[in-house]
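# Summary of structural features
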Amino acid sequence: MWVAERPRTIQVTRPCELEAPPNGMRAEALHIYRRDLRVKSEPLRYGFDGASP
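It is worth spelling out the overall build of the chain at this point. Along the chain, the regular secondary structure elements total 0 helices and 3 strands. Starting at the N terminus, the α and β elements of the chain follow one another as β-β-β. Taken against the 2.2 N^0.38 rule, which gives 10 Å for 53 residues, the C-alpha radius of gyration of the chain at 15 Å runs more than 25% over that of a compact globule. Taken along its principal axes, the extent of the C-alpha atoms in the chain is 50 × 25 × 10 Å.

This structure, assessed with the given rule, holds 4 salt bridges. The shortest N-O distance in the salt bridge between R34 and D49 comes to 2.5 Å. Linking R34 in strand β2 (residues 27–35) with D49 in the segment after β3 (46–48), this pair joins segments that are 15 residues apart in sequence. On the accessibility criterion, D49 (17% relative accessible area) is buried. With its nearest N and O atoms 3.0 Å apart, the salt bridge here joins D36 to R38. Given a relative accessible area of 72%, R38 falls into the exposed group.

Mapping R35 onto the fold places it in strand β2. This buried residue, R35, is left without a salt bridge; D36 holds the nearest opposite charge, at 7.9 Å. Apart from the residues within four sequence positions on either side, R35 is in contact with R6, P7, R8, L44, R45 and Y46.

For the rest of this paragraph, the subject is unusual backbone geometry. Keep in mind that most residues, glycine aside, have a negative phi and that most peptide bonds are trans. E42 connects to P43 through a cis peptide bond whose omega is -5°. Positionally, P43 belongs in the loop between β2 and β3. A positive phi angle is found at E5, which is not glycine, with a value near 60°. Along the chain, the position of E5 falls in the segment before β1 (9–16). Accessibility expressed as a relative area gives 75% for E5, which makes it exposed. Despite not being glycine, A20 shows a phi value in the positive range, around 50°.

Each value, and the rule that gives it
Position labels on residues start from 1 in each chain and follow its written sequence. Confidence filtering applies because this is a predicted model: local features only for residues at pLDDT of at least 70, side-chain atom pairs given and counted only at 80 or more, and all residues used for totals across whole chains, interfaces and linings. The basis for the side-chain values is all heavy atoms of the structure; hydrogens and waters are excluded. Every helix listed is a DSSP run of H or I at least four residues long, and every strand listed is a run of E at least two residues long, numbered separately from the N terminus. With C-alpha atoms as the basis for the radius of gyration, the globule rule is written as 2.2 Å multiplied by the number of residues raised to the power 0.38. What makes a salt bridge here is a side-chain nitrogen of Lys or Arg within 4 Å of a carboxyl oxygen of Asp or Glu, nothing more. Think of it in three bands: with a 1.4 Å probe and only protein chains considered, a residue is buried below 20% of the maximum accessible area for its type, exposed above 50%, and partly exposed in between. Charge counting follows a simple rule: Lys and Arg are positive, Asp and Glu are negative, and His as well as the terminal groups are ignored. Contact between two residues is taken to exist if any of their heavy atoms lie within 4.5 Å; hydrogens are not considered.

Pasting the structure below:
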């Protein structure tokens, strides 16, 4: 993934399949990745934050 600038967090959403969703309802999975602040040079590193909602 290419990211512009140097954000501290990246939020990624992905649609989830639902069996017979009522009235156009949808669900998405939310994934948060936080930059590893110990890495000071390119390439930057991000790690999954499992504690985020």
